[in-house]
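Inside the fold
This is what each chain is made of:
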Amino acid sequence: MGVVNVTPDSFSDGGRYLDRAAAVAHGVELAAQGADIVDVGGESTRPGADPVPAADELSRVLPVVEGLVAAGVKVSIDTRKAEVAEAAVVAGASLVNDVSATLAPVAAATGAGFVAMHMLGDPRTMQREPHYDDVVAEVRDFLVGKAEEARALGVDEVWIDPGIGFGKRLDHNLDLLANLDELVATGFPVLVATSRKSSLGTLLGRADRVDRVPPAHDRLEGSLATAAWALWRGAAMVRVHEVAETVRVVQAVRSIEAAA
Ligand code: HH2
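Notes on the structure follow. (Residues numbered from 1 in each chain as written. Predicted model: local features only at pLDDT ≥ 70, side-chain atom pairs only at ≥ 80, totals over all residues. Heavy atoms only, no water.)

1. Notes on the packing of helix 1 (residues 20-33) against helix 2 (residues 54-70)
Put simply, the rule is: Axis lines are fitted through C-alpha atoms, for helices just across the contact stretch, and the angle between N-to-C directions can take any value from 0 to 180 degrees. Counting from the N terminus, the helices are DSSP H or I runs at least four residues long and the strands are E runs at least two residues long. Comment on the angle field: the value is read as roughly parallel under 35 degrees, roughly antiparallel over 145, roughly perpendicular from 65 to 115, and oblique elsewhere. Here a crossing is taken to be left-handed if its near helix is turned anticlockwise relative to the far helix by less than a right angle, and right-handed if that turn runs clockwise. Contacts between residues were defined by any pair of non-hydrogen atoms, one from each residue, lying within 4.5 Å. Charged residues are taken to be Asp, Glu, Lys and Arg, nonpolar residues to be Ala, Val, Leu, Ile, Met, Phe, Trp, Tyr, Cys and Pro, and polar residues to be all remaining types, Gly included.
The interhelical angle for the contact between helix 1 and helix 2, taken along N-to-C directions, is 40 degrees, at an axis separation of 9 Å. Taken together, the axes of helix 1 and helix 2 lie oblique to each other. In this structure, helix 1 crosses over helix 2, and the sense of that crossing is right-handed. Contacts between helix 1 and helix 2 involve Arg20, Ala23, Val24, Gly27 and Val28 from the first element and Pro63, Val64, Gly67 and Leu68 from the second. Considered class by class, the residues forming the contact of helix 1 with helix 2 number six nonpolar, two polar and one charged.

And the structure:
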């Protein structure tokens, strides 16, 4: 899954694809590089981000969804709003990628697939001292509940996603990645999105030199290492900004698996 953020403020690529033509061209390029699906989002969900009014979000994403669908690219819509999800699916998007895990009814009504992601709280406050007794069990139980709800409503394609960085400290994120097999064992296909996230900045930087923590656009090695790990541990899809490099990682991991 390749990412196109049609936003001024995404942590990873904010402002680069606000222009419709630039966003469509980038999505087409990601598909040509090997992305099976391109995820279009019009509201940043980075920690501290303010919500975007529905009309603004719609005017950002709809023309891009339409442009990508017209170019033959499979599209998912990254939104927390029913009206945005619905309009995007009517425009040809085939998957509702919902970080709030509330839009299964829209997916069911429109015949789209659904990604249920785990988030603790909401983006404005989620990184203020998140607490879990057992992060892996709590995230798994939440996701299974949401996924079963979606199935019961009639959604055929249901994904689960641990929501790396959404109300989670570094140790929570690492625990979830280390125990990904517990999510895989639920039987629902697992999507993992670590690409460029701040945990990677910490992992790639040097603890004793804050100025050495690499910025979001300079975390490729961490994005690739965690994608390889996730795929090897059973994830069925990874959501990434650097598609060409990730496709090579997928090829390498899957070749080793085939020989194992
Ligand atoms: N992370 C982001 C956005 N959408 N969707 C799923 N399913 N899982 C994720 O972990 C996830 C997601 C955040 O990344 P990005 O889109 O690069 O940044 P922003 O939210 O600032 O636009």
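2. A look at empty space enclosed by the protein
Worth spelling out the cut-off: Detection works on a 1 Å grid of protein atoms alone, calling trapped sets that fit a 1.4 Å probe cavities and calling open sets with protein on both sides within 12 Å along at least five of seven lines pockets, with lining residues defined by an atom within 4 Å of a point. Grid points are joined across faces, edges and corners, and a volume is the space filled by probe spheres set on the points.
Taken as a whole and assessed by the stated rule, the structure comprises three cavities of 30 Å³ or more. Roughly 50 Å³ of internal volume is contained in the largest cavity. Contributing to the lining of the largest cavity are Ile164, Leu170, Asn173, Leu174, Leu177, Thr194, Lys197, Ser199, Leu200, Leu203 and Thr226. Contributing elements (two or more residues each) for the lining of the largest cavity: helix 6 (170-178) and helix 8 (198-204).

3. A short note on the site of the ligand
Defined as follows: What makes a residue near a molecule or strand is one non-hydrogen atom of that residue sitting within 4 Å of it. Nitrogen and oxygen atoms within 3.5 Å of one another constitute a polar contact, given that in protein one can donate a hydrogen and the other can accept it, and given that sequence-neighbouring residues count only through two side-chain atoms. Here, Shrake-Rupley sampling with a 1.4 Å probe gives the accessible areas, and only protein chains in the shown set may cover a residue. Occupancy of a cavity or pocket is assigned to a molecule whenever over half of its atoms lie within 2 Å of that pocket's grid points.
In the vicinity of the ligand lie 19 residues, with Ser10, Ser12, Ser44, Asp161 and Lys197 positioned nearest. Between the ligand and the protein, one listed contact pairs an oxygen atom with a side-chain N or O atom of Asn5 at 3.2 Å. Within the backbone of Thr45, a nitrogen or oxygen atom sits 2.8 Å from an oxygen atom of the ligand. For the ligand, the protein covers 99% of the area, taking 480 Å² as the surface of the free molecule. Comparing atom positions with the cavity grids shows the ligand to sit within the largest pocket. Across the shell around the ligand, the residue classes tally to seven nonpolar, seven polar and five charged.

4. So, the pattern of salt bridges
We count it as follows: For this analysis, a salt bridge means a side-chain nitrogen from Lys or Arg found within 4 Å of a carboxyl oxygen belonging to Asp or Glu. We call a residue buried when its accessible area falls under 20% of the maximum for its residue type, exposed when it is over 50%, and partly exposed in between, using a 1.4 Å probe and counting protein chains only.
Using the criterion set out here, one finds 13 salt bridges in the structure. Arg46 is the partner of Asp9 in a salt bridge, and the nearest nitrogen-oxygen pair spans 3.1 Å. Of this pair, Asp9 sits in the loop between strand 1 (2-5) and helix 1 while Arg46 sits in the loop between strand 2 (38-41) and helix 2, and the two are 37 residues apart along the sequence. As a salt-bridge pair, Arg140 and Asp141 come within 3.2 Å of each other at their nearest N and O atoms. On the basis of relative accessible area, Arg140 is assigned to the partly exposed category, the value being 24%. Each of the salt bridges in this network shares a partner with another, and the network as a whole consists of Glu43, Glu57, Arg80 and Lys81.

5. Let's talk about the packing of aromatic side chains
For clarity, the threshold we go by: Note on aromatic contacts: the rings of Phe and Tyr and the six-membered ring of Trp form a pair at centre separations within 6.5 Å, being stacked when their planes are under 30 degrees apart, edge-to-face when over 60 apart, and tilted otherwise.
This structure, assessed with the given rule, holds one aromatic pair. On the numbers, 5.7 Å between centres and 65 degrees between planes, the contact of Trp229 with Trp232 is edge-to-face. Pair noted here: Trp229 and Trp232 are both in helix 9 (residues 220-232), with a separation of three residues, about one helical turn. You can call Trp229 partly exposed: its relative accessible area is 34%.

6. Description of helix 3 (residues 82-90)
Because an α-helix packs 3.6 residues into every turn, residues spaced three or four apart end up facing the same way. The condition is simple: As used here, the arc is the angular range of directions from the helix axis to the C-beta atoms.
All of the buried residues in helix 3 are Val84, Ala85, Ala88 and Val89. Buried residues in helix 3, looked at end-on, bunch into an arc of 125 degrees, giving them a common side. Its buried side turned inward, helix 3 meets helix 2, strand 3 (75-78), strand 4 (95-98) and helix 4 (104-110). Just past helix 3, the residue Gly92 takes up positive phi, approximately 120 degrees.

7. Some points on the side chain of Lys168
Selection criterion: Charge counting treats Lys and Arg as positive and Asp and Glu as negative, with His and both chain ends excluded.
Assignment of secondary structure puts Lys168 in the loop between strand 6 (158-161) and helix 6. Notably, Lys168 is buried but unbridged: the nearest opposite-charge side chain belongs to Asp161, and the N-O separation is 7.3 Å. Dropping the residues within four chain positions of it, Lys168 is found in contact with His118, Met119, Gln127, Pro130, Tyr132, Val139, Pro162, Gly163, Asn173 and Leu176.

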